[in-house]
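# Structure assessment
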Amino acid sequence: MDEFALTGNAREGRSLSVAFRCSQGSLELFDGRYQPTGQVAHGRVEITFEEPVRVSRVVMIYALGAAEARQAPRRASARVLADGVETGRTGQASLDQPFEFHPLLDAGSNLVWAQEALLPLCPPAAGQDVIVDIVEPSAAVSELLIWGLPERLAERSGQPGAPVSFTVEANTCSSIRVTWDRPAEGTAYIRLRHRQMGEAGWSARCCTADRTAAVVTGLRPSATCEVAVEEVGLKTGKAAKPHRVKLPSPMDVRTAADVFGMNFFPGGGYGYQMHADETTNTLAMLRLMREAGVRHARWWINAPGATELFAEYGIALLPSAENAHQTRHGTWLVHTQNEPDFVNVFPEALARAIRDRRREMNADDPVSLLAAPEVGGDLIGPGSEYVRDLYRAGVKDLFQVMSVHPYVKMSFETPPGGIPCCPEALPDGFRALRKVMREFGDGAKPVIATECIGYGTFEGVEHFKWIPPVSPERQAAWLVRSHLLFLALGVARVYHYTFQDEGTDPTQITHTSGLVDWHGRPKLAYRAYCAMTRLLGPTQCQGPQADARAPVFGARFRRPDGSFLSALWDCGGRSRVALDAGAGVTGVKALLGSPAPVPAANGGRQCLELGEDPLWVASVKPLTLVSQERLAPAIGPQLRVRLDPATVRVPPGGTVQVTALVAHNFAGPMAVAAEVQSPWEPSERFTHTAAVPPGRATRMPVSIACPLNAERRRIHSWGLVCRYGPAGQEPIGVEERHLYIMVPE
């Protein structure tokens, strides 16, 4: 049915305010702030409208503190009266949900700490008095929204209006964006009717006559929607001819634009520093994300208000699965517990939790997708081994999207000619993950990175030793290179951590890893990201530049017109590459999208000098690398270390062995000391030394003893350190690899 917020406190043109009086004025209801007043509304709140209305529902905004949450459940109901006679009554709504941050917004778009309770009237009730009864012990009521129509318009609502010229497009996987011509003078309001193919009835979304666009949320993905727009109140007409639009699935990758996502959560994540005006900051960040081409956002809470708010900016939410029953609000993809391997959740326990969550989601709607397991461990080693144990626990068919957190750390193997912690260490980890997935017949499942990249410009390596700080220039270049590698690896979604700095502490990595600083000022990384999304948005990735060899890397994209766009770079210095001139290079752009010189053809070749900043090369045909040469610095020899296994289980009082596979390409033998420092007190070092010849892998076993008093059900994310150098000399280098030491019951 047609409805507006008669109390004037809805957003996006959804209010048709009617004058009214309220018996609880001391509670400052309808003040547009949504902030709890410290008063407790109990018993009865009476609203009297100055003209007859037809009420369809009552929405109560309320706050629960920790003290109230421990009390008995609360209930609320509403009644509508006409001349003192009851014409309609709602059922009772529960007010006993946990207190969380929900981004509900008033007409002024203010974020709130609150909950929402819905009191529907079916059928709508006519009258002038609305009485809301709240059963004690009560919640602190902040605002009431009375939905319906003035009686003077109610009769017209059942008649077809005059058709309006409009366009409709898919906005997210569960929302559409509708734009129409400005209505004729005298139009009371705009009715936007919609339904999904196969449904008999229509749903309506109404807007005031000054609006020319709306976003409809809460739709089912992968479905075809019919939409019609008409003017109401001026004249009637034949039913408007509907337009049809097909919605994508939650995991569709139609072009590269569908891959770009961010971690952003109003009210904060780990170590978040609140703003004086969180509402203004949040809306500013949403505008910047929209301008940057961000299509997806990961957020902690599964809140309907957040889903609707982000959809207005063309952004689909990936919330936590802790509140799974939200598909009716447009959330069709949710994620499991964050980094379970870092918070002592054993694979078997996580498998049970995933099984329970999938059962709840199936009861809500089996079409909804679950992303798991969001491991934080290194994909070469403990992360992939955790995933293998999870598969062994029988979860293959319980989740539909493989979700991981592939931050590049100092423990990753550096590619030849690269810089420790550079993004080009990513591919080996994804190959290891895909290998595990294929072992269990799950190789076709989409893979997403729900947290990744996160290079910070923080001060001081010791504060966060696993990922070193970078300069603003390198942050921008590595951000783009990471995305190019993810796209070339076929990763279906990339959620960078994080869009905005979470504070102002220069020693904190999460306070310096954003594309925008805490004050809202875009960084160089934001400009580089915008240039990347503009260039790649309409393209389709065709994979890596297959003929490039480290330290040169590249990725190739096909444009809609059939031409190509390639990105080329050196992972830690400068290289010169020769391209086959037959590709027909038509343009070159620098990292931020500014034009760069097009190389001249000479002998059928075009030479480019590459650095750490990717170059964007447009061409008629795919690029072919004829040759490549490292200019500076020279590529030196390296020690390479793999753990087999990288996860060990040791009971209290037991001993277990870790094996390091060590190889190098130095000219002569290297003395290597592999050491694990005990995670228990008193600290003990377990060391094995060996002389490792060049060109052949050597197995170096290291035994670890677990004390009898070790805490059980713990996962120690620890490290094996290899110090190496020529025999009889001081070590010339260190390589460290992560391992998991699990202490079971």
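Treat the numbers as computed from the prediction; the structure is a model and nothing was measured.

In terms of regular secondary structure, the protein is built from nine helices and 42 strands. Against the 2.2 N^0.38 benchmark of 27 Å for 745 residues, the protein shows a C-alpha radius of gyration of 30 Å, consistent with a compact globule. Principal-axis analysis of the C-alpha atoms gives the protein an extent of 100 × 70 × 45 Å. Summed over its atoms, the accessible surface of the protein is roughly 29700 Å², and 50% of this surface lies on carbon and sulfur atoms. In the protein, 76 side chains carry a positive charge and 79 a negative one; their mean positions are 7 Å apart.

Next up on the list: the sheet that holds strand E14 (residues 213–216). Reading across the sheet, the three strands line up as E10-E11-E14 and stay open at both edges, with antiparallel pairing between neighbours. One side of each edge strand has no neighbouring strand; the edge strands of this open sheet are strand E10 (166–172) and E14. Taken over all neighbouring pairs, the strand axes of this sheet differ in orientation by 20° on average, direction set aside. Pairing of strand E11 (residues 175–180) with E14 involves four bridges; the strand directions are antiparallel. By the bridge assignment, arginine 177 is partnered in E14 with valine 215.

Position of threonine 647 among the secondary structure elements: in strand E36 (residues 647–649). In contact with threonine 647, other than residues within four places in its own chain, are Pro382, Glu385, Tyr740 and Met742.

So, on to helix H7 (residues 426–439). If you check H7, its first and last C-alpha atoms are 21 Å apart, about what 14 residues at 1.5 Å a residue would give, namely 20 Å. Along H7, the residues classified as buried are Leu426, Pro427, Gly429, Phe430, Leu433, Arg434, Val436 and Met437. Considering only its buried residues, H7 is in contact with helix H6 (382–392), strand E22 (401–404), strand E23 (447–452) and helix H8 (472–488). Positive backbone phi, approximately 65°, marks glycine 441, located one or two places after H7.

Core analysis: the biggest nonpolar cluster contains 102 residues, and Phe499 and Leu536 have the highest contact counts within it. For this core, the leading source of residues is H8, giving 10 residues. Judged by nonpolar contacts, the second largest core, of 30 residues, contains Val650, Ala660, Ala690 and Ile704.

Before going further, it helps to spend a moment on the environment of glutamate 745. Turning to its location among the elements, glutamate 745 is positioned in the segment after strand E42 (733–743). As for glutamate 745 and valine 650, which are separated by 95 residues in sequence, their C-alpha atoms are 10.0 Å apart. Not counting chain neighbours up to four residues away, the residues in contact with glutamate 745 comprise Arg712 and Arg713.

Before going further, it helps to examine the sheet that holds strand E25 (residues 540–544). In any sheet, the strands associate via hydrogen bonds between backbone groups, in a parallel or an antiparallel arrangement. Strand order across the open sheet formed by six strands is E25-E26-E27-E33-E29-E30, with antiparallel pairing between neighbours. With one partner strand each, in any of the chains shown, E25 and strand E30 (595–596) form the two edges of the open sheet. Examined bridge by bridge, strand E27 (residues 564–570) and strand E33 (residues 615–619) share five bridges and lie antiparallel to one another. Bridging from a neighbouring strand, leucine 568 pairs with leucine 615 of E33. The strands that helix H9 (residues 524–536) touches are strand E26 (552–558), E27, strand E29 (585–589) and E33; relative to E33, the one it contacts most, it runs at about 15°.

What follows covers the packing of H8 against H9. Interhelical geometry of H8 versus H9 gives an angle of 30° and a closest axis separation of 8 Å. What the angle tells us is that H8 and H9 run roughly parallel. The handedness of the crossing between H8 and H9 comes out as right-handed. Across the interface between the two elements, Pro472, Glu473, Gln475, Ala476, Leu479, Val480, His483, Leu484 and Leu487 of H8 pack against Leu524, Ala525, Ala528, Tyr529, Met532 and Leu536 of H9.

Attention now goes to the pattern of salt bridges. The final tally for this structure, using the stated rule, is 46 salt bridges. Among the ionic pairs, glutamate 374 bridges to arginine 298, the shortest N-O distance being 3.3 Å. Of this pair, glutamate 374 sits in strand E21 (residues 369–375) while arginine 298 sits in strand E18 (residues 296–298), and the two are 76 residues apart along the sequence. Given a relative accessible area of 0%, glutamate 374 falls into the buried group.

Averaged over all residues, the pLDDT of the protein is 89; the fraction at 70 or higher stands at 90%. This model gives residues 25–41 a pLDDT under 50, and the stretch forms 47 contacts once residues within four places in sequence are excluded. The model gives residues 66–72 a pLDDT under 50, and that stretch makes five contacts with residues more than four places away or in other chains.

By the definition in use, this model includes 13 aromatic pairs. Each ring, one from tyrosine 391 and one from phenylalanine 440, has its centre 5.0 Å from the other, and the planes form 10°; the classification is stacked. Placement of tyrosine 391 in helix H6 and of phenylalanine 440 in the loop between H7 and E23 is noted, with a sequence separation of 49 residues between them. Feature note: the residues Phe264, Phe310, Phe499 and Tyr526 constitute an aromatic cluster, connected by ring pairs. Between the NZ or CZ atom of arginine 713 and the centre of the ring of phenylalanine 346, over which it lies, the distance is 4.2 Å.

This paragraph deals with the environment of glutamine 500. Relative to the helices and strands, glutamine 500 is located in the loop between strand E24 (493–496) and H9. Assessed through its relative accessible area of 3%, glutamine 500 is described here as buried. Separated by 15 residues in the primary sequence, glutamine 500 and leucine 515 have C-alpha atoms spaced 5.8 Å apart. Sequence-distant contacts of glutamine 500, that is, excluding residues within four places in its chain, are made with Phe264, His275, Asn281, Met285, Gly514, Val516, Asp517, Trp518 and Gly520. Within the local environment of glutamine 500, its side chain forms a polar contact with the backbone oxygen of aspartate 517, the two atoms lying 3.2 Å apart.

Before going further, it helps to examine unusual backbone geometry. With an omega of -15°, the peptide bond between alanine 632 and proline 633 qualifies as cis. Looking at the secondary structure, you find proline 633 in the loop between strand E34 (625–632) and strand E35 (639–643). Looking along the chain, the bond that leaves aspartate 644 and enters proline 645 is cis, with omega of -5°. If you trace the backbone, proline 645 turns up in the loop between E35 and E36. For glutamate 339, which is not glycine, the phi torsion reads 45° and is therefore positive. Topologically, glutamate 339 is positioned in the loop between strand E20 (333–335) and helix H5 (347–364). Taking relative accessible area as the criterion, glutamate 339 reaches 14% and is therefore assigned buried.

Tracing the chain through its elements places serine 411 in the loop between E22 and H7. In this structure serine 411 comes out as buried when scored by relative accessible area, which is 3%. Along the sequence, serine 411 and aspartate 129 sit 282 residues apart, while their C-alpha atoms lie 67 Å from each other. Discounting chain neighbours no more than four positions away, the residues touching serine 411 are Asp378, Glu736, Arg737 and His738.

Attention now goes to H5. For H5, with 18 residues, the first-to-last C-alpha span of 26 Å sits near the 26 Å given by 1.5 Å per residue. All buried positions along H5 are accounted for by Pro347, Leu350, Ala351, Ile354, Arg358 and Met361. All buried residues of H5 project into a common sector of 100° when viewed along the axis, lining one side. Of the residues in H5, the exposed ones pointing more than 90 degrees away from the buried face are Arg359 and Ala363. Here the buried face of H5 lies against E20, E21, H6, E36 and E42.

The rules behind the values
- Residues numbered from 1 in each chain as written.
- Predicted model: local features only at pLDDT ≥ 70, side-chain atom pairs only at ≥ 80, totals over all residues.
- Heavy atoms only, no water.
- Helix = DSSP H or I, 4+ residues; strand = E, 2+ residues; numbered from the N terminus.
- Rg over C-alpha atoms; globule rule 2.2 N^0.38 Å.
- Areas by Shrake-Rupley, 256 points an atom, 1.4 Å probe, with all protein chains shown as cover.
- Lys, Arg positive; Asp, Glu negative; His and termini not counted.
- Charge placed at Lys NZ, Arg CZ, Asp CG, Glu CD.
- Pairing = 2+ DSSP bridges.
- Axes fitted to C-alpha atoms, helices over the stretch in contact; angles between N-to-C directions.
- Contact = heavy atoms within 4.5 Å.
- Expected span 1.5 Å × (residues − 1).
- Buried < 20%, exposed > 50% of the residue type's maximum accessible area, 1.4 Å probe, protein only.
- Core = buried A, V, L, I, M, F, W, Y, C linked by side-chain atoms within 4.5 Å.
- Parallel < 35°, antiparallel > 145°, perpendicular 65-115°, else oblique.
- Left-handed = near helix turned anticlockwise from the far one by under 90°.
- Salt bridge = Lys/Arg side-chain N within 4 Å of Asp/Glu carboxyl O.
- pLDDT = per-residue confidence, 0-100.
- Phe/Tyr/Trp six-rings, centres within 6.5 Å; stacked < 30°, edge-to-face > 60°.
- Lys NZ or Arg CZ within 6 Å of the ring centre and 35° of its normal.
- Polar contact = N/O pair within 3.5 Å; in protein donor to acceptor, adjacent residues only side chain to side chain.
- Arc of directions from axis to C-beta.

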